[in-house]
Amino acid sequence: MLVFLYLFLGNIRSTLIVVATLPLSVLFAFIAMRISGLSANLMSLGGLAIGIGMMVDGAVVMIENIFRHLEERSEEKVSVLRLVGESAREVARPIVFAIGIIIIVFLPLFTLQGVEGKLFSPMAYTISFALIGALLLALTLVPVLASLSFKMGGQHKEPKLVLFLNRLYKPVVNTVVKAPKIVMGVAVIAFAGSLLLFPYLGSEFVPTLREGTFQIRSTLPPGASLESAIKYGKRIQSVVDEFPEVTGTYARIGRAEVGGDPEPVNVVATLVNLKPLDQWREDVSYEDLQSRIAESLDERVPGLANNLSQPIQLRTDELLSGVQAQLVASIFGDDLDELGRIGKEVAALANDVPGATDVRAQQSAGKKQIVIRPDREVLAQFGISIDNLMSTVETGIGGKGAGLVFDGVRRFEIFARLQESYRGSIDEIRKLPLRGNSGELIPLSRVADVEMYAGPKKISRSNASRRQYVQMNVRGRDMGGVVQDLRKRIEEQVDMPPGYFVEFGGQFENQERAMARLAIVVPITLALIFLLLFSAFSSLRYAALIFMNVPLRLLVALSRCL
């Protein structure tokens, strides 16, 4: 930074004066952060790093104007103090307006809410605090240091780098000034062309972070045993370990060490450690490896619903929508069977959408349940109450405390229930004995219908309605394009009864909320910038001339996105 400033200022004293404002501006920002309750985190400190170039703008303008006056008025009999004061007053107003416009540019970030607000608002606040401090220093400290450091009559020449750049720039300016209509025509055509390309740009909430570790969440059918899950976990590890970019894997089944991380036994979470990117094969990218691992698992370990993501990304996605995936299509309605049908159709459509990967519908059915329907008339004949019947079933299947065993100062509860081989057999459950009024033993099947059926594993509710979801990740394409495609296909191909509807959540939900807010705040911000420009120049023409840079800058930004 010091060398860069010296090359453009050409004077070591002026360079040191400008550089001296940087730590003081950062100190001002830290004081403001302390007062406002902002912590020093990656985003806030990153804001200071981004704002270093903007922090010195005011000081550079002030020093350059003082140099200009020292050069042009070197023959006048005037004190350095007076000359510096006049120079400072001359550019104070433009500096205030320029830095004020930069701060207003961050207004959209101030208004963001939710996750996006937590991510970006600390950076915006920190940069704004630093710019306010830099403005105060440019108007006060820089003129004082300049009056103490410079004298009248000295040689104040343009730096060699600036002279060299001027020699390159003047011919260009002279050429374009001679043909203003052609230049304006090219600019307008280029801007119009960029607007035509705008609809083809992708959109996503935040760029995906490359964590250097994959996590595969594999879901087995409901009711899968622990032994089956262990076998599948070993098969998954053996497939993934074959890739040369992988250094090691380990699988985790059920509940993890952390109490807030519950998982059913039919879920296998496999953590995949990777080599540094510079040690990978040349033809394999980060997203490429994810796709290859997913395809290999689908081919060699069929029957699983795999979700290949990253550890931090999974946790973030789960906090956003309650589902460990980037994108969630939530289907709302009343009937579980109808929700299941729509969920399967949406999942089938999502599998055909380019960019949608790891598509999986919520497992809502397939959980074996025992249904006992007592026959009240038969129960009355034998003098058996409903409470007695349900108590017997509860004790036989679920278990009940039957007493205590004391071993010195320790005590243990006696827990009585049927053996596992009997609890797992519906025929044995039908033989559960009930004692009638006369003392005879009556099997449960005589007084109740005992059946087993595959009932709902889980019933999700949201917005006062039952909910079925289809989760998916996005690779090789922007999330906005995937949602747009899938939403169009659902409207055209899915028969949605009255009262049933689909909403997209996850990262896309935050993206939609942020875009809706920005659609209001950005025009207001542009209007405020134009108002400041008009106040600074007191001319509508000059304000519009400078404001025309905004769409042309947009042209450059769009070209970088393509």
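Here, the structure is the one placed above.
The paragraphs below set out a description of the structure included in this document. (Residues numbered from 1 in each chain as written. Predicted model: local features only at pLDDT ≥ 70, side-chain atom pairs only at ≥ 80, totals over all residues. Heavy atoms only, no water.)

What follows is about the nonpolar core. Generally speaking, nonpolar side chains in soluble globular proteins are found buried as a group. If you look at the biggest cluster of nonpolar residues, it comprises 38 residues, and the most contacted ones within it are V18, M62, I63, I66 and F150. For this core, the secondary-structure elements that each account for two or more residues are α1 (2-9), α2 (12-36), α5 (57-72), α6 (80-105), α8 (114-139) and α9 (141-149). Ignoring sequence-local partners within four residues, the contact set of M62 consists of A88, V91, I95, A138, L139, V142 and P143. (Core = buried A, V, L, I, M, F, W, Y, C linked by side-chain atoms within 4.5 Å. Buried < 20%, exposed > 50% of the residue type's maximum accessible area, 1.4 Å probe, protein only. Helix = DSSP H or I, 4+ residues; strand = E, 2+ residues; numbered from the N terminus. Contact = heavy atoms within 4.5 Å.)

So, about a nonpolar patch on the surface. Where nonpolar side chains cluster on the molecular surface, the patch consists of L2, V3, F4, Y6, L7, F8, I12, L16, F164, L165 and L168 and spans about 1,000 Å² of accessible area. Looking at the nonpolar patch, the elements with two or more residues in it are α1, α2 and α10 (160-178). When residues in the nonpolar patch are grouped by element, the largest group, 6 residues, is from α1. Within the secondary structure, F8 sits in helix α1. (Patch = residues over 30% accessible without salt bridge, like charges linked within 9 Å, V, L, I, M, F, W, Y side chains within 5 Å. Areas by Shrake-Rupley, 256 points an atom, 1.4 Å probe, with all protein chains shown as cover. Salt bridge = Lys/Arg side-chain N within 4 Å of Asp/Glu carboxyl O.)

On to the pairing of strand β8 (residues 400-407). Looking along a regular strand, one sees the side chains alternate between the two faces of the sheet. Note: β8 against strand β9 (residues 410-416), 7 bridges, orientation antiparallel. Residue pairing across strands places K400 opposite A416, the latter belonging to β9. Counted along the chain from β8 to the antiparallel partner β9, the turn is 2 residues long, and its residue G408 has a positive phi close to 70°. (Pairing = 2+ DSSP bridges.)

Right, let's get into the packing of aromatic side chains. Applying the stated criterion across every chain, the model contains 7 aromatic pairs. Measuring from centroid to centroid gives 6.2 Å for Y125 and F129, while their planes differ by 35°, and the two rings are tilted. Of this pair, Y125 and F129 both sit in helix α8, 4 residues apart, roughly one helical turn. The class for Y125 is partly exposed, based on a relative accessible area of 34%. (Phe/Tyr/Trp six-rings, centres within 6.5 Å; stacked < 30°, edge-to-face > 60°.)

Residue placement: S25 occurs in helix α2. Looking at S25, the relative accessible area reads 0%, which means it is buried. Sequence-distant contacts of S25, defined by excluding residues within four places in its chain, comprise M55, A130, G133, A134 and L137.

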